Amino acid sequence: MGYYLLDGITLIFAASIMKITEHLRQATGPIISLEILPPTKGKSIDSIFNLLDPFMEFKPSFVNVTYHRAEQVYKKRTDGSFERVEIRKRPGTVGICAAIINRYKIDAVPHLICGGFSKEETENALIDLHFLGVDNVLALRGDAAANEKTFLPHPKGHHYAADLVEQILQLNKGKYQEEDIIDGVKTDFCIGVAGYPEKHFEAPNLQTDIDHLKHKIELGADYITTQMFFNNKHFYDYTASCRESGVTAPIIPGLKPITGRRQLSVIPSTFNVEIPIDLSRALQSAKTEAACEQIGEEWLLNQCRDLLKNKVPVLHFYTLGKPHIVNNVLKQLF
Ligand SMILES: Cc1cc2nc3c(=O)[nH]c(=O)nc-3n(C[C@H](O)[C@H](O)[C@H](O)COP(=O)(O)OP(=O)(O)OC[C@H]3O[C@@H](n4cnc5c(N)ncnc54)[C@H](O)[C@@H]3O)c2cc1C
């Protein structure tokens, strides 16, 4: 866990660039950003470039790259017995961020998660990022491992995203895990955290969840990126509730196209979000895959138009699945 291949990419980082909060402050019009996943182990970085190249005409301000813990899988031995092994199927977040900055000269935002990582492994990843000139990070808790019912922290790791935020802030002050490092170099990370317009599924109610979000911001996190939502009212109400609760940090809306009927059950159960009745009815009565894609595209386009009309300054797109739909939406927006 926690190793990164950095060969050949250490020369490139004169270009890096801006903190997400600066992007938001300096924007003279709406800005867009994207989220991508690292390819599964064994696949080429070209899959990332092939996904991102068509988006460059829209000048995304930054690209988020998700972070994934190792999973426990059972492998069959030659004698027929099974062995439990840990495999990190999607490593490479740090390297991909470096490759994005190098190729496109735009910012990359690596996600970091608590689950499955010790504080030291996280610190080492942060040191890699700092050396590469990547000074944005989205700090998350991560979900329970596939073989666990509830989230269990790594024995030497963090329980909540807030604890990870604190670790990053300590590093920004030059405080490392090893207490005998004195005068340690100070990092300068701009820290994003997650917010849930429809409530994080573990929280007893939305207000408690917002209180926990407020804690992350009061510690020193700089901005919030939201879970996907398919009804803008959830985002507007959430933003209003956050402001009423004293959360003043920028809130970036996360947007995802629905592209098929199967997602009508997969998305709510995976992300604990609601799909509006008009959208689910339209998808259920669509006759072909192309018709489903058309419906998903129009829904997303209307969501974006409404957000822009309501002066939301940034749109963040989850590209997993069918990125060409996000691309089609951007073509119609800009
Ligand atoms: C924008 C975005 C990007 C994501 N990227 C990734 C990724 O790259 N990799 C990945 O594995 N997952 C990712 N996730 C999923 C995320 O890890 C899960 O949703 C996870 O379950 C919660 O993460 P968090 O950072 O919101 O956790 P936290 O902020 O720690 O909150 C988790 C839960 O604990 C509660 N809570 C917080 N503090 C306390 C406290 N002190 N006492 C009691 N309860 C508390 C909160 O209300 C919430 O219910 C992402 C989610 C979002 C929205």
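Our subject is the structure that appears above.
Residues numbered from 1 in each chain as written. Predicted model: local features only at pLDDT ≥ 70, side-chain atom pairs only at ≥ 80, totals over all residues. Heavy atoms only, no water.

Chemist: Give a description of the overall build of the protein that names residues and reports values.
Modeler: The helix and strand inventory of the protein stands at 11 helices and 10 strands. In summary, the protein has a C-alpha radius of gyration of 20 Å against a globular reference of 20 Å for 334 residues, a match within 12%. With 334 residues in all, the protein has 50% of them scored as buried. In the protein, of all internal contacts separated by at least 6 residues, the share reaching a separation of at least 24 is 75%. Total accessible area on the protein is roughly 16,500 Å²; 52% of this is exposed by carbon and sulfur atoms. Distance from the positive charge centre (37 side chains) to the negative charge centre (40 side chains) of the protein: 5 Å. (Helix = DSSP H or I, 4+ residues; strand = E, 2+ residues; numbered from the N terminus. Rg over C-alpha atoms; globule rule 2.2 N^0.38 Å. Buried < 20%, exposed > 50% of the residue type's maximum accessible area, 1.4 Å probe, protein only. Contact = heavy atoms within 4.5 Å. Areas by Shrake-Rupley, 256 points an atom, 1.4 Å probe, with all protein chains shown as cover. Lys, Arg positive; Asp, Glu negative; His and termini not counted. Charge placed at Lys NZ, Arg CZ, Asp CG, Glu CD.)

Chemist: Mind laying out the packing of aromatic side chains, listing which residues take part and the relevant values?
Modeler: One pass over the structure, following the stated rule, counts 4 aromatic pairs. Taking the centre distance of 4.9 Å and the plane angle of 40° together, the rings of Tyr67 and Phe117 count as tilted. Taken together, the residues span a long stretch of sequence, with Tyr67 in the loop between strand 2 (62-65) and strand 3 (71-76) and Phe117 in the loop between strand 5 (107-113) and helix 4 (119-132) at a distance of 50 residues. Arranged with centres 6.2 Å apart and planes meeting at 65°, the rings of Phe235 and Tyr236 form a pair that is edge-to-face. With a relative accessible area of 4%, Phe235 lands in the buried category. Here Tyr236 falls in the partly exposed class, since its relative accessible area comes to 25%. Site record: aromatic cluster; members linked through ring pairs are Phe229, Phe235 and Tyr236. Its end group placed over the ring of Tyr67, Arg88 keeps NZ or CZ at 4.9 Å from the ring centre. Its guanidinium or amino end placed over the ring of Phe151, Arg141 lies 4.4 Å from that ring's centre, counting from NZ or CZ. (Phe/Tyr/Trp six-rings, centres within 6.5 Å; stacked < 30°, edge-to-face > 60°. Lys NZ or Arg CZ within 6 Å of the ring centre and 35° of its normal.)

Chemist: Outline the nonpolar core, listing residues and values.
Modeler: Within the largest apolar cluster, 79 residues are counted, with the highest numbers of intra-cluster contacts made by Leu52, Ile100, Ile191 and Phe317. It is helix 3 (residues 93-104) that provides the largest number of residues to this core, a total of 8 residues. With sequence-adjacent residues up to four places away left out, Phe317 is seen in contact with Ile32, Ser33, Leu34, Glu35, Leu255, Leu300, Cys304, Val326 and Leu330. Membership of the second largest hydrophobic core comes to 12 residues, among which are Phe230, Val273, Ala286 and Cys292. (Core = buried A, V, L, I, M, F, W, Y, C linked by side-chain atoms within 4.5 Å.)

Chemist: Explain the state of the cysteines to me, using residue names and the numbers behind them.
Modeler: Per the stated rule, a full pass over the model turns up 0 disulfides. Summary of cysteine pairing: Cys292 is not part of a disulfide, and the nearest cysteine sulfur, belonging to Cys304, is at 19 Å. (Disulfide = S-S within 2.5 Å.)

Note that every value here comes from positions in space, so none of it alone points to a role or purpose.
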